[in-house]
Amino acid sequence: MPHGRHPFTNMELMRMIERFRQEPRVQPPADTPRQASAIAGRIPRFVACPLIGWLCLVAPVELAGQDAPAKSIQAQRLAAGETLTLDGRLDEGAWQRATPITDFVMQEPVEGGEPSERTEVRVMFDGDYLYIGAMLHDSEPDGVKAFQRRWDQGLGTDDRFMWILDTFGDQRNAYFFEINPAGLMGDGLLKTGQGTSVNKAWNGIWRAWVDRGAHGWSTEIRIPFRTLNFRADSDEWGINFQRTIRRRNEEMLWSGHRRSQGLVRPQNAGKLVGLGRPSQGLGLEAIPYAIAANRSVPSGSGTSPNTAKAGIDLNYSLTPKLRAGLTFNTDFAETEVDNRQVNLTRFPLVFPERRAFFLEGASVFNFASASGPNPFFSRRIGLTGSAPVPILGGAKLIGRAGAQDVGFIHMRTRAAPNGTPPEDFTVARVSRNILRESTIGLIYTRRTTDGDSLPDRHTLGADLEMSTSRFLGNRNLQFQAFAVAHTDGTPGGSGTSLSDRSVRGLRLNFPNRPWEAHVSYREFGTAYDPAVGFAPRIGLRRLQPTITYTPLVTRSRFIRDVSWEYELEYLTDMDFVPLTVDHRVQPLRLRFETGDVISTRLLSNFERLDSPFDVLRDGQYVIPVGEYQNFGYRVEAISASFRRVSGTASYQRLGFWTGSKSDWNADITARPLPGVNVTANYGYSGVSLPEGDFSTQLYRLFAGVDLTPLVSLNFNVQYDNVSRIVGTQNRLVWIVNPGNSIFFVYQQNWLNPVQDRLSSLERQGTLKVNYTHRF
């Protein structure tokens, strides 16, 4: 209901806020030396108390004694002249000489239990390749699930075998790989921090062969050493393995089987020993590509002539740990379209990066991602909205130098179709490992626009990540602090202070099971707008604690675990006047042994509106200034994805400013044959306001036909009743060999004016061929 009372009365919280209010704030002059001094002077005050507390709790643990001995697997070298016939069967004598590991431990459904099936893994190598062989025994081979075939497709539906390679042994970064019984291959780059991310946009050159039979299934895997960056002075890597038996929702690991550990935590990996210091060879890689396209705009300027262009990427390993790259005439013709969204909020939506050039190695540039300062947002380069801006070329440097992770990107764009002149973008990131699992780092960005209209815009940020997996014995604990500031990018200067153009925050995280909790505090200045970054909402202070309890249910044949959660978002302006206060309570979430999930949430929302809000940006539904308190609920059901037909459905009803809003979302996926996936999604929002009622509807249909793990055909259709545009994209991808690919993409958009027939807006067909040659 509108014009509600003050949304929160907890005296502890208010006393804490009052202490922050009384703390003097610095208003430094705008000259650069004093700005830097102000930042340096502010950070110690901001982080001192939490950091001292952290050191008292954790430093004695981090600096004490030796770890318990890690598990290890010995790599067996192939004899001179000896080769493997790679067909997935492991029937060569060489495999029998390699000592297998078999001591897998169950993570779910019984933590620490004996796996229901036996798994054997062997590792071999020669001068050029690392080989992994695995026997995944199954007493019910007809029950093995293998629906997916397309490279990097999610394997929540299938049996799978996964592994990581921590080639630097730093317990912070790793290469991630996975396969399924159909021969699908997936890979990515894994980075730990405040949460763990796997960047699956990285596509390494490697192969896997799979065999299925009465024994279950088995695989032979070949990974070129030239695909990996690693320490040249060490013959020991971190390694871990995980197997999923999907019909039982059973997870088993070789090392780190606890629910608070897992495959994506390199801290819990075992050791691969005996590699004998492999070599990357010359380390030079050339990837030329050619593009032919035709675009037609029937309602406008007609059909443009056929266009063709070529470009090249060059990559060179300066050291086994550091790789440099150059790109010329860069193009992203093969990129998938963004998923359509309908925005009923006051703030801009965030669309994820989909271009491979920026996604590969993107984890190096991660900066306090859980808190959202976003000093670097790669969609600012080469895109205006969703329209591409031509890129002349650029350079990239990714890898490690000593104890530092380093990343560098410089890109030069051509003049944009909207008249924006050519621009230069520079991004630099360095992060140094400290203690056992912690890091400290800096990020810098620069944006320069040709001409005299805008000054050069600089952004500088610093972050500290303190982590341990040994808190209270074997628990995880993480602390984060960050600060970012940028120069005044307004012609002639806007008169804003450094504090207005900065963001800073703290976060304490306890990511464990069954108890999980975090609390964060962030301040976004009123003029924070990094030129190569993104900040959807500014001028705020945000306190955000969350606590979750998810115990396993050991005495039920039907329920796997149950979960309760409470989350608070308390957001004020810079003068501590409440703007948004959200209470979200999850009274119950059940995950069944079948993999199905049902959950409920109770919602409370307070909003203070300082200026009128036009909901649809068309003048019809304008919300007046005022305070609004609303309540609601949400229910959701998710069916297990290993079924041939699965889906999700959710319903949410919540007050919406002066009225109410009901949201329905549903998707259903059918997998009639292995490699065939058809997904339909429907989203509906019905809004009732005193000014009138309206609804938004969004439809998506995706169909994928994966003939083999290397050949796929995808169809994507989207429509919403706000833009009234029907958009389609059809993609044929043929990976001739990993690194050598052919893409054919056809896109077309139609306008549906009210109830008339569709009229074509544009269509375009593009053929792209790329080839990788390693020297």
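Residues numbered from 1 in each chain as written. Predicted model: local features only at pLDDT ≥ 70, side-chain atom pairs only at ≥ 80, totals over all residues. Heavy atoms only, no water.

K.L.:
What am I meant to see in the overall build of the protein here?
P.N.:
When its secondary structure is counted, the protein shows four helices and 44 strands. Out of the 775 residues belonging to the protein, those deemed buried represent 51%. A fraction of 59% describes how many contacts in the protein between residues 6 or more apart in sequence connect residues 24 or more apart. Total accessible area on the protein is roughly 33800 Å²; 57% of this is exposed by carbon and sulfur atoms. (Helix = DSSP H or I, 4+ residues; strand = E, 2+ residues; numbered from the N terminus. Buried < 20%, exposed > 50% of the residue type's maximum accessible area, 1.4 Å probe, protein only. Contact = heavy atoms within 4.5 Å. Areas by Shrake-Rupley, 256 points an atom, 1.4 Å probe, with all protein chains shown as cover.)

K.L.:
Where do I start with the pairing of strand β42 (residues 740-751) in this structure?
P.N.:
Regular strands place their side chains on alternate faces of the sheet. Bridge count for strand β41 (residues 725-737) against β42 is 12 bridges, and the pairing is antiparallel. Residue pairing across strands places Asn-730 opposite Tyr-746, the latter belonging to β42. Here β41 hands over to β42 after two residues, with Gly-739 in that stretch at a positive phi of 105°. (Pairing = 2+ DSSP bridges.)

K.L.:
Help me out: how do you make sense of the sheet that holds strand β4 (residues 119-125) in this one?
P.N.:
Sheet strands associate in pairs through backbone hydrogen bonding, adopting either a parallel or an antiparallel arrangement. If you walk across this open sheet you meet the five strands as β2-β4-β5-β11-β10, and the pairing is mixed. The outermost strands of the open sheet, each flanked by one partner alone, are β2 (76-77) and β10 (207-213). Both β2 and β4 contribute to a ladder of two bridges, which runs parallel. Bridge pairing links Gln-76 to Met-124 in β4.

K.L.:
What is the right way to read the pattern of salt bridges from this model?
P.N.:
Taken as a whole, this structure holds 42 salt bridges when the rule is applied. The salt bridge involving Glu-82 is made with Arg-97; its shortest N-O contact spans 2.8 Å. Linking Glu-82 in the loop between β2 and α3 (93-97) with Arg-97 in helix α3, this pair joins segments that are 15 residues apart in sequence. Close ionic contact of Arg-295 with Glu-762 constitutes a salt bridge, the shortest N to O distance being 2.8 Å. Here Arg-295, found in strand β15 (residues 284-297), pairs with Glu-762, found in strand β43 (residues 759-770); they are 467 residues apart in sequence, far enough to count as distant. (Salt bridge = Lys/Arg side-chain N within 4 Å of Asp/Glu carboxyl O.)

K.L.:
How do you make sense of the side chain of Asn-721 when you look at a structure like this?
P.N.:
Locating Asn-721 in the fold gives a position in the loop between β40 (711-720) and β41. Side-chain polar atoms of Asn-721 contact the backbone nitrogen of Gln-697, separated by 2.8 Å. (Polar contact = N/O pair within 3.5 Å; in protein donor to acceptor, adjacent residues only side chain to side chain.)

K.L.:
I'm lost on the packing of aromatic side chains in this one. Help?
P.N.:
Each aromatic ring pair is described using two quantities: the centre-to-centre distance and the angle formed by the ring planes. Per the stated rule, a full pass over the model turns up 28 aromatic pairs. Relative to Trp-237, the ring of Phe-230 has its centre 5.6 Å away and its plane inclined at 40°; by these criteria the two rings are tilted. The burial state of Phe-230 is the same as that of Trp-237; both residues are buried. For the pair Tyr-549 and Trp-564, a centre-to-centre distance of 6.0 Å together with 15° between the ring planes defines the contact as stacked. Of this pair, Tyr-549 sits in strand β29 (residues 540-549) while Trp-564 sits in strand β30 (residues 559-572), placing them 15 residues apart in sequence. Ring pairing ties together the aromatic residues Trp-151, Phe-161, Trp-163, Tyr-175, Phe-177, Trp-202, Trp-206, Phe-241 and Trp-254, which thus form one cluster. Here the basic side chain of Arg-222 rests over the ring of Tyr-129, its NZ or CZ set 4.9 Å away from the ring centre. Here the basic side chain of Arg-400 rests over the ring of Phe-168, its NZ or CZ set 5.1 Å away from the ring centre. (Phe/Tyr/Trp six-rings, centres within 6.5 Å; stacked < 30°, edge-to-face > 60°. Lys NZ or Arg CZ within 6 Å of the ring centre and 35° of its normal.)

K.L.:
Looking at this model, I keep getting lost on the side chain of Arg-259. Mind explaining?
P.N.:
Looking at the element boundaries, Arg-259 is found in the loop between β13 (250-253) and β14 (270-273). Apart from the residues within four sequence positions on either side, Arg-259 is in contact with Gln-107, Glu-108, Glu-111, Arg-513, Thr-550, Pro-551, Leu-552 and Asp-561.

K.L.:
Whenever I open this one, the pairing of strand β8 (residues 185-191) confuses me. Can you help?
P.N.:
Within β8, seven of the seven residues are buried, which leaves the element mostly enclosed by the surrounding structure. Both faces of β8 are covered, namely the face carrying Met-185, Asp-187, Leu-189 and Lys-191 and the face carrying Gly-186, Gly-188 and Leu-190. Between strand β7 (residues 173-179) and β8, which pair antiparallel and follow one another directly, the connecting turn spans five residues, one of which, Gly-183, has a positive phi of 90°. Bridging between β8 and strand β9 (residues 197-199) involves three bridges; their strand directions are antiparallel. Looking at the pairing, Leu-190 lines up with Val-198 of β9.

K.L.:
In this structure, what is going on with the nonpolar core? I would like to understand it.
P.N.:
Taken as a class, soluble globular proteins show a tendency for nonpolar side chains to be buried jointly. Counting residues in hydrophobic clusters, the biggest one holds 42 residues, and the most contacted among them are Leu-130, Phe-161, Trp-163, Leu-165, Trp-206 and Phe-241. Within the residue set of this core, elements represented by two or more residues are β4, β5 (129-137), β6 (160-166), β7, β8, β11 (216-224), β12 (236-245) and β41. With residues near it in sequence (within four places) discarded, Leu-130 still touches Val-123, Met-124, Phe-125, Leu-165, Ile-221, Arg-222, Ile-223, Phe-225, Trp-237, Leu-272 and Leu-275. Core analysis: the next-biggest nonpolar cluster, separate from the first, contains 27 residues, Phe-332, Ile-409, Val-427 and Val-503 among them. (Core = buried A, V, L, I, M, F, W, Y, C linked by side-chain atoms within 4.5 Å.)

K.L.:
Help me understand a nonpolar patch on the surface, please; the structure alone is not making it clear to me.
P.N.:
Among the surface-exposed residues, Trp-515, Ile-547, Tyr-566, Val-585, Leu-602, Tyr-633 and Val-635 lie close enough to one another that they form a single nonpolar patch of about 600 Å² accessible area. Structurally, Tyr-566 is set in strand β30. (Patch = residues over 30% accessible without salt bridge, like charges linked within 9 Å, V, L, I, M, F, W, Y side chains within 5 Å.)

K.L.:
Even after reading the chapter, I still don't get the confidence of the model for the protein, so can you show me in this structure?
P.N.:
It should be kept in mind that the predicted coordinates are not to be read in detail where pLDDT is low. Across the protein, pLDDT averages 86, with 89% of residues at or above 70. Counted against residues more than four places away or in other chains, residues 1-44, with its pLDDT under 50, gives 58 contacts. (pLDDT = per-residue confidence, 0-100.)

K.L.:
Sorry, what's going on with the environment of Leu-732 here?
P.N.:
Relative to the elements of secondary structure, Leu-732 occurs in strand β41. A C-alpha to C-alpha distance of 8.0 Å links Leu-732 and Ile-742, two positions 10 residues apart in sequence. Once residues lying within four places of it in the same chain are set aside, the contact partners of Leu-732 are Ser-712, Leu-713, Ile-742, Phe-743 and Phe-744.

K.L.:
I tried to follow the environment of Arg-644 on my own but got confused; where do I start?
P.N.:
Counting through the fold element by element, Arg-644 comes out in the loop between β35 (626-638) and β36 (645-656). Residue classification places Arg-644 among the partly exposed positions, given a relative accessible area of 47%. Between the C-alpha atoms of Arg-644 and Arg-671, which are 27 residues apart in sequence, the distance is 4.9 Å. Once residues lying within four places of it in the same chain are set aside, the contact partners of Arg-644 are Phe-147, Thr-669, Ala-670, Arg-671, Pro-672 and Leu-673. Side-chain polar atoms of Arg-644 contact the backbone oxygen of Pro-672, separated by 3.2 Å.

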